[in-house]
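# Reading the structure
Each chain is listed here by its residues.
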Amino acid sequence: MPFKEGLSLNRIFSPCSIPSRSFCRSFVSASSSFANESREYVVVGGGIAARIFVEHGQANGKLCIVTKEPYAPYERPALTKAYLFPLDKKPAHLPGFHTCVGGGGERQIPDWYKEQGIEMLYEDPVTGVNIEKQTLTTNSGKLLKYGTLIIATGCSASRFPVKIGGSLHGVHYIRDVADADSLISSLLVVVGGGYIGMEVAATAVAWKLDTTIIFPEEYLLSRLFTPSLAQKYEQLYQDNGVKFVKGAKIKHLESGPDGQVTAVKLEDGSSIETDTEH
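The notes below deal with the structure included here.

Each value, and the rule that gives it
Residues numbered from 1 in each chain as written. Predicted model: local features only at pLDDT ≥ 70, side-chain atom pairs only at ≥ 80, totals over all residues. Heavy atoms only, no water. Pairing = 2+ DSSP bridges. Helix = DSSP H or I, 4+ residues; strand = E, 2+ residues; numbered from the N terminus. Axes fitted to C-alpha atoms, helices over the stretch in contact; angles between N-to-C directions. Buried < 20%, exposed > 50% of the residue type's maximum accessible area, 1.4 Å probe, protein only. Contact = heavy atoms within 4.5 Å. Polar contact = N/O pair within 3.5 Å; in protein donor to acceptor, adjacent residues only side chain to side chain. Expected span 1.5 Å × (residues − 1).

### A look at the sheet that holds strand β4 (residues 63-66)
Strand order in the open sheet formed by 4 strands is β5-β4-β3-β9, with parallel pairing between adjacent strands. Unpaired on one side and paired on the other, β5 (119-121) and β9 (148-151) mark the two borders of the sheet. Strand after strand, the sheet turns through a mean of 15 degrees between neighbouring axes, direction not considered. Two elements, β4 and β5, share 3 bridges in a ladder whose sense is parallel. Paired with Ile65 across the strands is Met120, a residue of β5.

### Observations regarding the environment of Phe244
On the secondary structure map, Phe244 appears in strand β14 (residues 243-246). Given a relative accessible area of 15%, Phe244 falls into the buried group. Between the C-alpha atoms of Phe244 and Ile214, which are 30 residues apart in sequence, the distance is 6.2 Å. Phe244 has contacts with Ile213, Phe215, Leu220, Glu234, Tyr237 and Gln238, leaving out every residue within four places of it along the chain.

### Points about the pairing of strand β7 (residues 135-138)
Side chains Thr135 and Thr137 project from β7 onto one buried face, and the interleaved Leu136 and Thr138 project onto a second face that is buried too. Strand direction decides the pairing type here: strand β6 (residues 126-130) and β7, joined by 4 bridges, are antiparallel. Looking at β7, one finds that Asn130 is bridged to Thr135. Hairpin connection from β6 to β7: 4 residues lie between these consecutive antiparallel strands, with Gln134 at a positive phi of about 55 degrees. Hairpin connection, β7 to strand β8 (residues 143-145): the antiparallel pair is bridged by 4 residues, and Gly141 has positive phi, about 100 degrees.

### A word on the environment of Arg76
You can see Arg76 is positioned in the loop between β4 and α2 (77-83). Distance from Arg76 to Asp176, taken between C-alpha atoms, is 6.8 Å for residues 100 residues apart in sequence. There is a polar contact of 3.4 Å between the side chain of Arg76 and the side chain of Tyr74.

### So, the sheet that holds strand β16 (residues 261-266)
Pairing within the open sheet is antiparallel, and its 3 strands lie in the order β15-β16-β17. In this open sheet, the two edge strands, each paired with only one partner strand, are β15 (250-255) and β17 (271-273). Taking the axes of each pair of neighbouring strands and ignoring which way they run, one obtains an average angle of 25 degrees across the sheet. Bridge count between β15 and β16: 5 bridges; the pairing is antiparallel. Looking at β16, one finds that Leu253 is bridged to Val264.

### Comments concerning unusual backbone geometry
For the peptide bond that leads from Leu94 to Pro95, omega is 10 degrees, which places it in the cis range. The linkage connecting Thr99 with the following residue, Cys100, adopts the cis geometry, with an omega of 5 degrees. With respect to the secondary-structure elements, Cys100 resides in the loop between α2 and α3 (110-115). Despite not being glycine, Lys208 shows a phi value in the positive range, around 65 degrees. Tracing the chain through its elements places Lys208 in the loop between α5 (195-206) and β13 (210-215). Judged by relative accessible area, which is 76%, Lys208 ranks as exposed.

### Some thoughts on α5
Given a rise of 1.5 Å per residue, 12 residues ought to cover 16 Å, and the 17 Å separating the end C-alpha atoms of α5 matches this to within 8%. Among the residues of α5, Gly197, Met198, Glu199, Val200, Ala201, Thr203, Ala204 and Val205 are the ones counted as buried. Trailing α5 by a residue or two, Lys208 shows a phi angle of about 65 degrees, which is positive.

Written out as structure tokens, the structure is:
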């Protein structure tokens, strides 16, 4: 989808993701009637689970998917590969990258779930689970009875510690469509020299943004590339305006009096300025 006018650009971007999402279980009391007493399976998290249930004949009237997002499940890699593209580069947009088009499967738009008899609860994250009573509650107050509960929330983006500035305004992470929509400004610092960082940097220079990539390794994609191959990609990026700060370790993020991030302070004493206009 095209960027909306007025969106603020990401000033600092942390692309690294780790499987660290934890699910907080708490016991809650039943305070409302069940929406569906016959619900056999409840999946918390919007992913590819629905397709598997359909393939095994366990979806129609038996499955409920609860997601905090306003969209039917989609393929997250598209966010940094095509969704962020400027208009002249023909950006991807929903419903173009709903699951499971990337794997050659049927595109599962919202109507697909209805046709398969799958109950979808959008923008309604789970707030508590009662294991003994086999119920869960959602943010809107729904109480859902389940036979089998499947927690499939996936991973979350790793974040800077709060003590070094990780919660400052202007520090962005990318995990969903809302995160991607926030990535537009005039000065971009990307932290991380892996696939996602490279993809975001390539998109940023396509938007004609001043872009710098910081990473602690000696060269890009050090877990995959040889030094000579990395050098070719680094030269390509530099030819298109991307600047590199290699072998760098971040000490902390600096901010102005308004709590807006203004610079990345490195352990060697140098600083890299970030956008302060938004």
